[in-house]
Amino acid sequence: MAQGDRFSRPYYWLINFLGLTVPRRLRADWRQEWEAELHRRESVLAEWDKLTARTRAALFLRSLGAFTDALLLQPKRLEDEMLQDIRYGARMLWNKPGFSAVVVLTLALGIGANAALFSVVNGVLLNPLPYREPDQLVTLHQSKPNFQTGAIPYPNFRDWQERNQTFSAIALSRATGFTLVGAGEAERVSARWVTARFFSVLDVAPVLGRTFQDGEDEQGAAPVAIISEGLWRRKFGAAPDILDKSLTLDDKNYTIIGVIPASFSLHRQDVFVPMGQWGTPALKSRAAALGLHGIGRLKAGVTVEQGRADLARIMQDLAEKYPSTNRNNSAAVIPLKERMIGDIRPVLLMLLGAVGFVLLIACVNVSNLLLARSTGRTREFAIRSAIGAGRWRLLRQSLTESLLLSLLGGGLGLALAAWGTKAALAALPTALPRAEEVGVDPKVLFFTVSISLLTGILSGLAPALKTSHRRLAEALKEGARGASSGRVRAQGMFVAVEMALALVLLVGAGLMLRSLHALWNVDAGFRPDHVLTFDLSISPALRNATPAAIRSTLREVIDKISSTPGVTAASLSAGASPLISEDDLFFWIDGQPKPASQSEMHMSLIYRIEPDYLSAMGIPLKRGRFFTDADDERSQPVAVIDEAFAHQYFGSDDPVGQAIRFGESTPPSLIVGVVGHVHQWSIDADDKESLQAQLYVPFRALPDSEMDAPLTVGVLARDDGSSGRSVAGLLESIRESVQSQSSQNVISAPLTMNEAISTSLAERRFAMILLGSFAGAALLLASLGIYGVISYLVGQLSHELGIRLALGAQRRDILRLVMGHGMKMAVAGVVIGLVGSFGLTRLIIGMLYGVRATDPMTFTFITVLLIGIAAMACYIPARRATRVDPLAALRQE
């Protein structure tokens, strides 16, 4: 027996331990069964020394069977109890549809806002680019001392291509446009000059046909083209026999060799043409960059820093070999994703933090609602505890109910997020890079489920702990007469947190709104109202016309535009255009030594315009004169500069009468006037960028070499606004005037200057609108939270308030008492929020314009607004408290 005891005692210990995994109602039966099994085996265990090794092993395995059964029973136990909790919780929520609907909608608002913004962050920042090995893709630029992302001269690119050791392939491209004829009505299509390996760098496979091959981008090669899937479907009805068909672009025929899929989103052009078909002599010049920028694929295992050092080495050699064009120049290598995303990362991260505040407020609000609801269930939980339910079981039941609510809110929030994100991107299509990749995918679903579960736990934990404590009998007595002081304190703390978070968001939104207002009131240097811009492509039939004939045609067209009813001024434009396009030119001051290299020359933005340009744009003339019709290709070259140019290069001297030079072979241009400075890149450009020198030359004085068809120029037209017609109406009138000269004249890319300003501010507007929406949601939730707490308090203290009225208290005293309690919570939250705002608003300093992060006006207005709304939220239930019937209270007493 001693031998049996020696071997059976550990089994008893294991029984006591593993018995914890068995449901309590079955635990005694299972223990008796296990112990009986052990007693039956004691006789065998007593003769342990006589057993063979095989018999011992079999006995040991059979003895473990009971423990295995216990472990297998554990999932069944959890499943039974979990399903029981879910069924019971669902019944409780179904029995209170109003309460459940409020909680679900509150959570849907918080979870949906987070899911929507995460889908944006996921699509823009987290998702890899839709290309093979996207981390190996980089953009290539030729950098200058003050400009990192400059264009690359074509001969320099050829040296990079032949001499680099770190790239598997590199390519160049440049945006352009063509007039497409012969396929219905003449149409201006977007296009891109590319080198042969452009698509192989990105590893893009065509829908039909093939991409370009080496040699097809050389000058003199056969004219071939690749079209986009969109153009293929729109113009050619997705005809499968499109390959080898002819495409007429600017009166020149190209053979279609392939169709690029619509999923190719890096450059959404309609047509791609080999670089060699451009035919411009400037491709042979190391001084002319021509807006060419590169893209490359690093070899496996090569870092961006190694690629940058490799090209810098080549540029150093080129600077020694061609010092006049490459001195002080280097190469810039930027990851493609970083280049595409730009500066949107800090904006999205700031908004993600802001929307997290909304979710916290929603959680606090739901916690308050669940705390209030738990008061009515005090008796229920007391009875369940009395009949054997443990604290963990009560806690789990409460959490199950909150999780059910959060999952329902998450499902509704996900639907709202999908709809809201789509609507926001449609309303602000230019505000985000990679906007086409934003949507609901498995990562967004996983995120939504995760925050739904986390929200359910956070919002349900405090109420669950309150309802599961062991002193439920005392809580039941406490609830008989009034509100639990502990519960009221907890709800008051929640309200203070809501008010603090709401104030932080409102202050941030207020600062962003004031910044946007300041930007709209910035003097851009021109008057944007009633100004329409568009591109004009004159008839490709003028390909073989003389420069004089092209000039005559352009003048005839601009005269027709100027004579359109309502148009007060119109001008042709080439080169730079404020907020739309940019072009620069090297120069030096006449009479000063010519710099030894191009990199040492001065550089200015260049606008090639007509005499009516100042009137069309509303730019003030500060000194001298502007151009006249007499300033053409036959007259002395003249130029007009802006105030920034005059200050930078002439100081306090009068620049009128001075001259500047653009080259040794061209005569100097006489400065005849000074005009106001305009914002070129954006309304909110910093001082260094916004004060870039600007230079104007007459469009009519362009040399014959630049007057070759086909030709596309910009046009500005100012409408007097008296007719009240829309921009579309003005554009249609101008289109009729233009096409009366030739049916193949095509107008494209129409844009008002107000739209150009709006586009330049799209990122700020996007941040302001979302932050304002989040702040509005936070304000609504905080107001509902304080209203709910005061309503709950009034309901719980109605008996006490009735007694007070019966004993002589005035109704205004009751009003003051209730409102005072609510306003204490609100003011505490406001104070906490003010402290937090002074610190957190510094994180958005870079997004502000014309306003400080601690702007007193914004802080004061938001504080007063929030306190006023909190007072209204308190007043409604406080007013109801003054109507308590004192006789009813006395009868209860």
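This structure is a prediction, so every number in the text was calculated from the model and none was measured. (Residues numbered from 1 in each chain as written. Predicted model: local features only at pLDDT ≥ 70, side-chain atom pairs only at ≥ 80, totals over all residues. Heavy atoms only, no water.)

### Quick notes on the side chain of asparagine 127
Piece 1. Here asparagine 127 lies in the loop between helix H6 (97-126) and strand E1 (137-144).
Piece 2. A distance of 2.7 Å separates a polar atom in the side chain of asparagine 127 from a polar atom in the side chain of lysine 443.
Piece 3. The residues touching asparagine 127, leaving out its near neighbours within four places in the chain, are Asn122, Lys337, Arg434, Glu437, Asp441 and Lys443. (Helix = DSSP H or I, 4+ residues; strand = E, 2+ residues; numbered from the N terminus. Polar contact = N/O pair within 3.5 Å; in protein donor to acceptor, adjacent residues only side chain to side chain. Contact = heavy atoms within 4.5 Å.)

### Side note on the packing of aromatic side chains
Piece 1. The final tally for this structure, using the stated rule, is 22 aromatic pairs.
Piece 2. Ring plane angle 45 degrees and centroid distance 6.3 Å describe the contact between phenylalanine 178 and tyrosine 254, whose orientation is recorded as tilted. Here tyrosine 254 lies in strand E8 (residues 252-260) and phenylalanine 178 lies in strand E3 (residues 167-181), a separation of 76 residues in the sequence. As far as burial versus exposure is concerned, phenylalanine 178 and tyrosine 254 are alike and both buried.
Piece 3. Ring pairs connect the aromatic residues Tyr131, Phe198, Phe199, Phe212, Phe264 and Phe272, which therefore count as one cluster. (Phe/Tyr/Trp six-rings, centres within 6.5 Å; stacked < 30°, edge-to-face > 60°. Buried < 20%, exposed > 50% of the residue type's maximum accessible area, 1.4 Å probe, protein only.)

### Description of empty space enclosed by the protein
Piece 1. Tallied over the entire structure, the rule returns four cavities of 30 Å³ or more.
Piece 2. What the second largest cavity holds in volume is close to 60 Å³.
Piece 3. Lining the second largest cavity are Arg551, Leu554, Arg555, Leu572, Glu610, Phe699, Arg700 and Met707.
Piece 4. Of the residues forming the lining of the second largest cavity, the biggest block, three residues, is contributed by helix H19 (residues 547-562).
Piece 5. A per-class count over the lining of the second largest cavity returns four nonpolar, no polar and four charged. (1 Å grid on protein atoms, 1.4 Å probe; cavity = no way out; pocket = protein on both sides within 12 Å on 5 of 7 lines; lining within 4 Å. Points joined across faces, edges and corners; volume = space filled by probe spheres on them. Nonpolar A, V, L, I, M, F, W, Y, C, P; charged D, E, K, R; others polar.)

### A short note on the environment of valine 495
Piece 1. You can see valine 495 is positioned in helix H18 (residues 485-520).
Piece 2. Along the primary structure valine 495 and isoleucine 361 are separated by 134 residues, whereas in three dimensions their C-alpha atoms are 9.0 Å apart.

### Some words on the packing of H19 against helix H23 (residues 727-741)
Piece 1. At a closest axis distance of 9 Å, the pairing of H19 and H23 adopts a crossing angle of 150 degrees. In terms of their interaxial angle, H19 and H23 are classed as roughly antiparallel. For the element pair H19 and H23, the recorded crossing hand is right-handed. Every residue of H23 that contacts H19 at Thr553, Glu556, Val557, Lys560 and Ile561 is listed here: Ile734, Ser737, Val738, Ser740 and Gln741. (Axes fitted to C-alpha atoms, helices over the stretch in contact; angles between N-to-C directions. Parallel < 35°, antiparallel > 145°, perpendicular 65-115°, else oblique. Left-handed = near helix turned anticlockwise from the far one by under 90°.)

### Considerations on a nonpolar patch on the surface
Piece 1. Together, Leu105, Leu412 and Leu416 line one region of the surface with nonpolar side chains, adding up to about 260 Å² of accessible area.
Piece 2. Here leucine 412 lies in helix H15 (residues 391-427).
Piece 3. The exposure class assigned to leucine 412 is partly exposed, which follows from its relative accessible area of 34%. (Patch = residues over 30% accessible without salt bridge, like charges linked within 9 Å, V, L, I, M, F, W, Y side chains within 5 Å. Areas by Shrake-Rupley, 256 points an atom, 1.4 Å probe, with all protein chains shown as cover. Salt bridge = Lys/Arg side-chain N within 4 Å of Asp/Glu carboxyl O.)

### Details of the pattern of salt bridges
Piece 1. Inspection of the entire model under this criterion finds 28 salt bridges.
Piece 2. Note that arginine 188 is salt-bridged to aspartate 250, the shortest N-O span being 3.8 Å. Taken together, the residues arginine 188 in strand E4 (residues 187-194) and aspartate 250 in the loop between strand E7 (246-249) and E8 connect sequence positions 62 residues apart.
Piece 3. Here arginine 188 falls in the buried class, since its relative accessible area comes to 17%.
Piece 4. Taking the shortest distance from any N to any O, the salt bridge between glutamate 229 and arginine 233 comes out at 2.9 Å. Of this pair, glutamate 229 and arginine 233 both sit in helix H9 (residues 229-236), four residues apart, which is roughly one turn of the helix.
Piece 5. By relative accessible area, which is 14% here, glutamate 229 ends up buried.
Piece 6. A cluster of three or more residues bridged by salt bridges with shared partners is formed by Arg551, Arg555, Asp632, Glu633, Arg634 and Asp704.

### Here's the deal with the environment of proline 750
Piece 1. When you line up the elements, proline 750 lands in strand E22 (residues 746-752).
Piece 2. In sequence terms proline 750 and leucine 731 are 19 residues apart; their C-alpha atoms lie 7.9 Å from each other.
Piece 3. Here proline 750 is in contact with Thr533, Phe534 and Leu731, once residues within four sequence places are set aside.

### Points about helix H10 (residues 304-321)
Piece 1. Spanning 18 residues, H10 covers 26 Å between terminal C-alpha atoms, matching the ideal 26 Å at 1.5 Å per step.
Piece 2. Taken together, the buried positions of H10 are occupied by Val304, Gly307, Asp310, Leu311, Ile314, Met315, Leu318 and Ala319.
Piece 3. Here the buried face of H10 lies against E1, helix H7 (154-163), E3, strand E10 (293-298), helix H11 (323-326) and strand E11 (330-335). (Expected span 1.5 Å × (residues − 1).)

### Comments concerning the pairing of E8
Piece 1. Bridge analysis of strand E5 (residues 208-209) against E8 gives two bridges, and the strand direction is antiparallel. The residue bridging glycine 209 from the neighbouring strand is glycine 258, located in E8.
Piece 2. Pairing of strand E6 (residues 224-228) with E8, which is carried by five bridges, proceeds in the parallel orientation. In the strand pairing of E8, valine 224 is matched with threonine 255.
Piece 3. In this structure, E7 lies alongside E8, joined through four bridges in antiparallel fashion. In the strand pairing of E8, leucine 247 is matched with tyrosine 254. (Pairing = 2+ DSSP bridges.)

### Details of helix H21 (residues 643-650)
For an α-helix the count is 3.6 residues per turn, leaving residues at separations of three or four pointing the same way.
Piece 1. Where H21 is concerned, the buried positions are Ala644, Phe645, Ala646, Tyr649 and Phe650.
Piece 2. Buried residues in H21 make contact with strand E14 (584-589), strand E15 (602-609), strand E17 (638-642), strand E18 (659-661), strand E19 (669-675) and strand E20 (694-698).
Piece 3. Positive phi appears at glycine 651, one or two residues downstream of H21, with a value of about 60 degrees.

### A closer look at the confidence of the model for the protein
Piece 1. Across the protein, pLDDT averages 82, with 82% of residues at or above 70.
Piece 2. Note on residues 1-8: pLDDT under 50 across the span, and twelve contacts to partners over four residues away in sequence or across chains.
Piece 3. In the predicted structure, residues 478-483 sits below a pLDDT of 50 and forms eleven contacts with residues beyond four places in sequence or in another chain. (pLDDT = per-residue confidence, 0-100.)

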